[in-house]
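Here is how the chains run, residue by residue.
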Amino acid sequence: MSATVIDGKAFAATVRAKVAGHVARLKEENGITPGLAVVLVGQDPASQVYVRSKGKMTVEVGMNSYEHKLEADTSEAELLALIDKLNSDPAVHGILVQLPLPKHLDEDLVINAIDPAKDVDGFHISNVGLLGTGQKSMVPCTPLGCLMMLRDHHGSLSGMDAVVIGRSNIVGKPMAQLLLGDSCTVTIAHSRTKDLPDVVRRADIVVAAVGRPEMVPGDWIKPGATVIDVGINRVDAGDGKTRLVGDCHYDSCAEVAGAITPVPGGVGPMTIACLLANTLTACCRANGLAEPEGLTA
Ligand SMILES: NC(=O)c1ccc[n+]([C@@H]2O[C@H](COP(=O)([O-])OP(=O)(O)OC[C@H]3O[C@@H](n4cnc5c(N)ncnc54)[C@H](OP(=O)(O)O)[C@@H]3O)[C@@H](O)[C@H]2O)c1
Ligand SMILES: Nc1nc(=O)c2c([nH]1)NC[C@@H]1CN(c3ccc(C(=O)N[C@@H](CCC(=O)O)C(=O)O)cc3)CN21
């Protein structure tokens, strides 16, 4: 079998177009422009690329983008003061603090200082708790993007066996919650999981969020299963250049799977589209306006 390629790049463009339509209406009918603030601490080159492309796409959908680049040695007090300022700025509807933060900063403390209503990453403990109890929340962008692609491909996910490889707070755990919310039977695997190949072989849906280049080979995949590859790994391309690969070995997985997301062009662009969707949702909620449909979980 040769898998259907789930084109995240194209799907993300349709999500952004929907967001842009709503933004145009918000401006025209309500005189409101959604604003997204991105905070970057330090000079990590990979993070700077994400911040730049997020900023560009934010402006493309008609929103205001506010970028705050702080020195790597910024103190916790300075960062918390900036978050405080953004929390009370009515022009800012969404706040994203790029992770990971430099070691001297307490990530939990910083994330939980963000106003949960502006927490467009969905990482604040209030949003984590709301998601876990099936209440309206801000849903983390990467898992939300994966869920949108899965729903689009399958229609209903009810009763499917899903395995999420990885248990991070930003991808694995919220992904498992969303799949459970859609009535999948969910297994969360991690570095201590016994017989990972056997666990993965049972799955109708495999979400790989590990951070190990091409770790999942095709012979772990049940024939016809859907493979969502969250991994973004930069590897040596041999000619002095680098290239991006996922956590799944694309060619061998694509031979067995029913559907697969590529890297790049799969989950990554959907993450950014969902960040913009969350910013729009936060803006509508902040202004007591009806939320756009189909852009949240
Ligand atoms: N496309 C996107 O938009 C997007 C967004 C976020 C992240 N990512 C990418 O997704 C990947 C995962 O990110 P993350 O932030 O979730 O990473 P993370 O915080 O490093 O978590 C990795 C998870 O993988 C598990 N793991 C590590 N080695 C394993 C192994 N040999 N077998 C099974 N499980 C193993 C770890 O288990 P333990 O808990 O036991 O250590 C951990 O739970 C990275 O490549 C990252 O760049 C992509
Ligand atoms: N606060 C926060 N929220 C996040 O969602 C987040 C972080 N921090 N830190 C880094 C990770 C990794 N994330 C992302 C987001 C988008 C792409 C992305 O657009 N990838 C493109 C290719 C990019 C390239 O060519 O360099 C793709 O097609 O996969 C990748 C990783 C988001 N992540």
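The structure contained in this document is the topic of the report that follows. (Residues numbered from 1 in each chain as written. Chains lettered and ligands numbered in written order. Predicted model: local features only at pLDDT ≥ 70, side-chain atom pairs only at ≥ 80, totals over all residues. Heavy atoms only, no water.)

## Here we look at the overall build of the chain
Worth spelling out the cut-off: Counting from the N terminus, the helices are the DSSP runs of H or I reaching at least four residues and the strands are the DSSP runs of E reaching at least two. Our radius of gyration is a C-alpha quantity, and the globule rule it is checked against amounts to 2.2 Å times the number of residues to the power 0.38. Any two residues having at least one pair of non-hydrogen atoms within 4.5 Å are treated as being in contact. To be clear on the numbers: accessible area is Shrake-Rupley with a 1.4 Å probe, and residue cover counts the displayed protein chains and nothing else. In summary, the charge assignment counts Lys and Arg as positive and Asp and Glu as negative, without counting His or the chain termini. To locate a charge, take atom NZ for lysine, CZ for arginine, CG for aspartate or CD for glutamate.
Along the chain, the regular secondary structure elements total ten helices and eleven strands. By the compact-globule yardstick of 19 Å for 297 residues, the chain fits well, its C-alpha radius of gyration being 19 Å. On the principal axes, the C-alpha backbone points of the chain span a range of 50 × 40 × 35 Å. Taking the intrachain contacts of the chain between residues at least 6 apart in sequence as the baseline, contacts between residues at least 24 apart amount to 69%. As presented, the chain carries roughly 13,600 Å² of accessible surface, and 52% of it is formed by carbon and sulfur atoms. Taking the average location of the 26 positive side-chain charges in the chain and that of its 34 negative ones, the two points are 2 Å from each other.

## Looking at the sheet that holds strand β4 (residues 94–97)
So the rule is basically this: Paired strands, in this sense, are two strands between which DSSP finds at least two bridges. For every element, the axis is a line fit to its C-alpha atoms; helices are fit only across the contacting stretch, and the angle between N-to-C directions ranges from 0 to 180 degrees.
Ordered in space as β3-β2-β4, the three strands form an open sheet in which the pairing is parallel. At either end of the open sheet lies a strand with only one pairing partner, and these are β3 (64–70) and β4. In this sheet, adjacent strand axes meet at a mean angle of 15° when their direction is disregarded. Strands β2 (35–41), β3 and β4 of the sheet are contacted by helix α2 (residues 45–60), whose axis makes an angle of about 160° with β3.

## A word on the sheet that holds strand β7 (residues 205–208)
Spatially, β1-β11-β8-β7-β5-β6 is the arrangement adopted by the six strands of the open sheet, whose pairing is parallel. For this open sheet the edge positions go to β1 (4–5) and β6 (185–189), each flanked by a neighbour on one side alone. Direction of pairing for β7 relative to strand β8 (residues 226–229): parallel, over a ladder of four bridges. By the bridge assignment for β8, Val206 is matched with Val227. Sheet contacts for helix α6 (residues 141–154): β1, β7, β8 and β11 (259–260); angle to β8, the most-contacted strand, approximately 160°.

## Re the nonpolar core
The criterion, for reference: Here, nonpolar core refers to any group of buried Ala, Val, Leu, Ile, Met, Phe, Trp, Tyr and Cys residues whose side-chain atoms link them within 4.5 Å. Accessible area is worked out with a 1.4 Å probe on protein chains only. A residue is then buried under 20% of its type maximum, exposed over 50%, and partly exposed in between.
Ranked by size, the top nonpolar core spans 56 residues in total, and within it Val19 and Leu179 carry the most contacts. Elements with a contribution of two residues or more to this core: α1 (8–30), β2, α2, α6, β5 (161–165), α7 (172–181), β7 and α10 (267–286). In terms of residues, this core owes the most to one element, α10, which gives twelve residues. Counting 20 residues, the second-largest nonpolar core is a separate cluster that includes Val163, Val227, Cys248 and Cys253.

## Points about the site of ligand 1
Rules: A molecule or strand has a residue near it when one of that residue's heavy atoms lies within 4 Å. Nitrogen and oxygen atoms within 3.5 Å of one another constitute a polar contact, given that in protein one can donate a hydrogen and the other can accept it, and given that sequence-neighbouring residues count only through two side-chain atoms. Throughout, the ten residues Ala, Val, Leu, Ile, Met, Phe, Trp, Tyr, Cys and Pro are labelled nonpolar, Asp, Glu, Lys and Arg are labelled charged, and all others, Gly among them, are labelled polar.
The local shell around ligand 1 holds 22 residues, among which Arg167, Ser168, Ser191, Arg212 and Thr271 are the closest. Between Ser191 and ligand 1, the recorded distance is 2.5 Å, taken from a side-chain N or O atom to an oxygen atom. A distance of 3.1 Å separates an oxygen atom of ligand 1 from a polar backbone atom of Ile232. In isolation ligand 1 has 930 Å² of accessible area, and contact with the protein removes 70% of it. Looking at which element gives the most residues to the shell around ligand 1, the answer is α10, with three residues. Its residues placed into classes, the shell around ligand 1 shows ten nonpolar, ten polar and two charged.

## Considerations on α7
Within α7 the residues assigned to the buried category are Gly172, Pro174, Met175, Ala176, Leu178 and Leu179. Residues of α7 that are buried sit in contact with α5 (125–132), α6, β5, β6 and β7. Looking at the residues trailing α7, positive phi occurs at Ser183, about 65°.

## A look at the site of ligand 2
Of all residues adjacent to ligand 2, which total 16 residues, the nearest are Val97, Leu99, Asp121, Pro264 and Gly265. Gln98 places a polar side-chain atom, nitrogen or oxygen, 3.1 Å from a nitrogen atom of ligand 2. At 2.7 Å, a backbone N or O of Gly265 approaches an oxygen atom of ligand 2. Relative to its unbound accessible surface of 680 Å², ligand 2 loses 80% to contact with the protein. Those elements giving two or more residues to the shell around ligand 2 turn out to be β4 and α10. Here the shell around ligand 2 gets four residues from one element, more than from any other, and that element is α10.

## Regarding the pattern of salt bridges
To keep things clear, this is the line we draw: Any carboxyl oxygen of Asp or Glu that lies within 4 Å of a side-chain nitrogen of Lys or Arg is treated as forming a salt bridge with it.
The tally for this structure, following the rule as stated, stands at six salt bridges. Between Lys56 and Glu60 there is a salt bridge, with its nearest N and O atoms 3.5 Å apart. You can see Lys56 and its partner Glu60 sitting in helix α2, four residues apart, about one turn around the helix. The residues Lys56 and Glu60 share a single accessibility class, namely exposed. One salt bridge connects Arg201 with Asp198, and the closest N-O pair in it is separated by 3.0 Å. Taken as a pair, Arg201 and Asp198 lie in helix α8 (residues 196–201) at a separation of three residues, close to a single helical turn. Connected via shared salt-bridge partners are Lys136, Arg285 and Glu291.

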